[in-house]
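Structural description and commentary
Here is what each chain is made of, one letter per residue.
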Amino acid sequence: PLVQAETDPEKKTIVILGSGWASTSFLKDIDTDHYNVVVVSPRNYFLFTPLLPETTVGTIDVRSVIEPTRFIARHKSRSVKVIEAECTQIDPENKVTHGLLGRYLWKILDSLITTYLDNSDVKEEHAVSTLCYDYLIVGVGAMSATFGVKGVEEYGCFLKEVWDAQKIRTKLMNCIETAAFPDQTPEEIDRLLHMVVVGGGPTGIEYAAELHDFLVDDLTSWYPELAGKVKITLIEALPNVLPAFSKKLIDYTESTFKEQNISICTKTMVKEVHEKEIEVKRPDGTVDNIPYGLLVWATGNTSRPLVRDLMQKFPETQQARRGLAVDEWLRLDGSEDIYALGDATATRYAPTAQVAAQQGKYLARLFKQLAVRENLEIELMNASDEEEVAKKERKLRKVKDVKPFQYSHQGSLCYIGSDKAVADLSLGPGGSLASGGVVTFAFWRSVYISSLFSTRNRALVITDWLKKTALGRDISRE
Ligand code: FAD
Ligand code: NAD
């Protein structure tokens with residue numbers, strides 16, 4: 001079946017793939033007076049990823065950091081169609097011409113809600129639909145990289161989506177309750193209570209920090225016989241953690257982790273993951289097997305199959321390893337009407353929410369300018385008297401050149417545990433400020449509260465923080 005948007009045949013249709021940082025920021029700003037807009041994403045909500053690590057131990061609830069895409073779209077002047085589905089194929093070859101507009105066909109696979117909630121690969125039934133677009137916005141993000149290390153997908157937990165955080169929380173409580181079960185051997189208790197985090201980037205650091213806080217604030221009270229036996233180890237292949245931060249903040253983070261009894265093993269590579277042990281290569285070349293109870297794998301991003309498939313359709317222009325190559329206007333190299341942004345792309349910027357959100361905003365502006373230009377061109381063609389033609393030409397010149405995307409870096413923030421955070425802030429051209437500690441943590445919280453997309457989310461997150469302070473975290477296993 002052909003999926004139809006709330007279409008006005010006079011307007012072009014923009015199909016947005018994804019409901020993450022890039023696509024949502026585009027959706028918020030796109031002018032629906034000019035376009036029909038359809039959003040396709042396997043999850044029907046936006047996830048505020050910076051606070052996801054807090055949900056793994058119940059500091060805040062997952063529902064507090066998600067916002068339904070339909071809520072975001074409800075403020076638009078014309079209605080937006082939101083389809084919960086996964087795009088499985090983009091087919092730029094099957095071009096169908098319709099009036100003056102180039103239209104392509106692609107297929108979407110309707111998802112079952114349960115399929116995505118438990119993230120299982122089992123699809124009980126599915127339907128394939130085809131959807132037409134005039135412009136396609138690819139904001140499908142990236143997925144967690146494993147670098148081909150065997151056993152990661154089977155035994156490890158990623159930290160990217162809501163279901164990852166829920167899985168981590170359940171597995172953590174499984175380990176703790178099993179260790180508390182009578183008559184376990186001391187070796188088994190030590191294994192179950194060894195929490196290993198692989199990857200010393202911001203995701204791994206923030207998760208280890210949250211786990212530490214949960215241990216100190218809550219587990220110590222509820223499992224006093226076990227709390228002293230819980231060990232947290234962070235494994236990083238490079239010589240230090242947080243490679244993108246300044247040296248001062250790296251040292252501060254490493255010393256804070258030391259005070260918190262979080263072991264950092266740098267220059268250590270994980271070679272293979274088994275059910276109860278991981279095989280690591282130490283800096284001196286020796287290979288060790290480390291028993292673990294919970295393994296959180298946070299070694300960065302890799303492209304999604306959909307993105308790799310799209311790249312193969314443009315073999316001459318799409319050869320970047322990190323993702324889709326785009327020009328300075330975020331248009332896919334080799335295509336006229338596909339645009340890509342966020343983690344799905346290979347640009348000179350880091351794959352962050354900050355970049356994705358700015359790109360989304362920029363692209364919405366660019367599309368507005370495109371629409372205004374196209375309307376002026378039509379009006380110019382129809383203009384009869386000279387004065388009107390001159391006026392339209394002047395207007396057209398003003399909107400003719402759309403400036404390329406320019407990223408403005410505001411700085412980087414990372415939570416490191418015990419109510420401390422580190423911040424590398426940008427203070428205008430050439431200036432920067434590196435700070436770490438409790439005051440930076442207060443700043444960290446205020447930045448994230450103000451960046452949340454809705455008042456509803458703000459209220460929920462603040463309530464969760466207050467609840468945690470007054471009542472502690474919930475230790476029940478869902
Ligand atoms: P995403 O936000 O990942 O969104 C991708 C969207 O595409 C999702 O809605 C997904 O469901 C959808 N999708 C996937 N496949 C398909 C398909 N086939 N068809 C249709 N839709 C599809 N960055 C910062 O700047 N600051 C931070 O503090 C920060 N903290 C982070 C904490 C964590 C735990 C993580 C994992 C990341 C963090 N990041 C942070 C990075 C940031 O989240 C990403 O850079 C950002 O999410 C990228 O936005 P995106 O829209 O490209 O991708
Ligand atoms: P990352 O790419 O930043 O870090 C991954 C780390 O894993 C690297 O340091 C890498 O050396 C290490 N690694 C890779 N393979 C390994 C192996 N086999 N064994 C041991 N270590 C290995 O990944 P991330 O932390 O998931 O972050 C992804 C993106 O999201 C980044 O751009 C980051 O800036 C952004 N992010 C930002 C924040 C924040 O600003 N607070 C939080 C989370 C994520």
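Note: the structure precedes this text.
Attention in this report is confined to the structure presented alongside it. (Residues numbered from 1 in each chain as written. Chains lettered and ligands numbered in written order. Predicted model: local features only at pLDDT ≥ 70, side-chain atom pairs only at ≥ 80, totals over all residues. Heavy atoms only, no water.)

1. Concerning the nonpolar core
Ranked by size, the top nonpolar core spans 122 residues in total, and within it Leu17, Leu51, Ile90, Val138 and Phe367 carry the most contacts. Of all the elements, helix 12 (residues 353–382) adds the most residues to this core, at 10 residues. Split by domain, this core shows at least three residues from each of two domains, domain 1 (12–142 + 303–400) and domain 2 (152–300 + 409–471). Residues within four places of Val138 in sequence aside, it is in contact with Leu17, Ile90, Leu310, Leu324, Ile338, Tyr339, Ala340, Leu341 and Ala344. Of all hydrophobic cores here, the second largest spans 15 residues; its members include Val198, Val273, Val280 and Tyr292. (Core = buried A, V, L, I, M, F, W, Y, C linked by side-chain atoms within 4.5 Å. Buried < 20%, exposed > 50% of the residue type's maximum accessible area, 1.4 Å probe, protein only. Helix = DSSP H or I, 4+ residues; strand = E, 2+ residues; numbered from the N terminus. Domains from an automatic or database assignment. Contact = heavy atoms within 4.5 Å.)

2. Quick notes on the sheet that holds strand 14 (residues 277–281)
Overall, antiparallel pairing links the three strands, which are arranged 13-14-15 in an open sheet. If you trace the sheet from one side to the other, it starts and ends with strand 13 (269–273) and strand 15 (287–291), each paired once. Shown here is a sheet whose adjacent strand axes are inclined to one another by a mean of 30 degrees, direction ignored. As paired elements, strand 13 and strand 14 share four bridges and run antiparallel to each other. Its bridge partner being in strand 14, Val270 is matched across the sheet by Val280. (Pairing = 2+ DSSP bridges. Axes fitted to C-alpha atoms, helices over the stretch in contact; angles between N-to-C directions.)

3. A word on the site of ligand 2
Close contacts around ligand 2 come from 23 residues, with Thr203, Glu236, Ala237, Pro351 and Leu413 the closest. Within the side chain of Thr203, an N or O atom sits 2.9 Å from an oxygen atom of ligand 2. Contact distances for ligand 2 include 2.6 Å between an oxygen atom and a side-chain N or O atom of Glu236. Coverage of ligand 2 by the protein chains reaches 77% of its 840 Å² of free accessible surface. Those elements giving two or more residues to the shell around ligand 2 turn out to be helix 8 (202–222) and strand 13. For the shell around ligand 2, the leading source of residues is helix 8, giving three residues. Of the residues belonging to the shell around ligand 2, the class tally is 13 nonpolar, eight polar and two charged. (Near = heavy atom within 4 Å. Polar contact = N/O pair within 3.5 Å; in protein donor to acceptor, adjacent residues only side chain to side chain. Areas by Shrake-Rupley, 256 points an atom, 1.4 Å probe, with all protein chains shown as cover. Nonpolar A, V, L, I, M, F, W, Y, C, P; charged D, E, K, R; others polar.)

4. A short note on the environment of Phe46
Turning to its location among the elements, Phe46 is positioned in strand 3 (residues 45–47). Taking the relative accessible area as the measure of exposure, Phe46 reaches 1% and is therefore buried. Residues Phe46 and Glu67 lie 21 residues apart in sequence; the distance between their C-alpha atoms is 5.1 Å. Setting aside its immediate chain neighbours within four residues, Phe46 contacts Ser19, Gly20, Trp21, Thr24, Val65, Ile66, Glu67, Thr69, Ile72 and Phe453.

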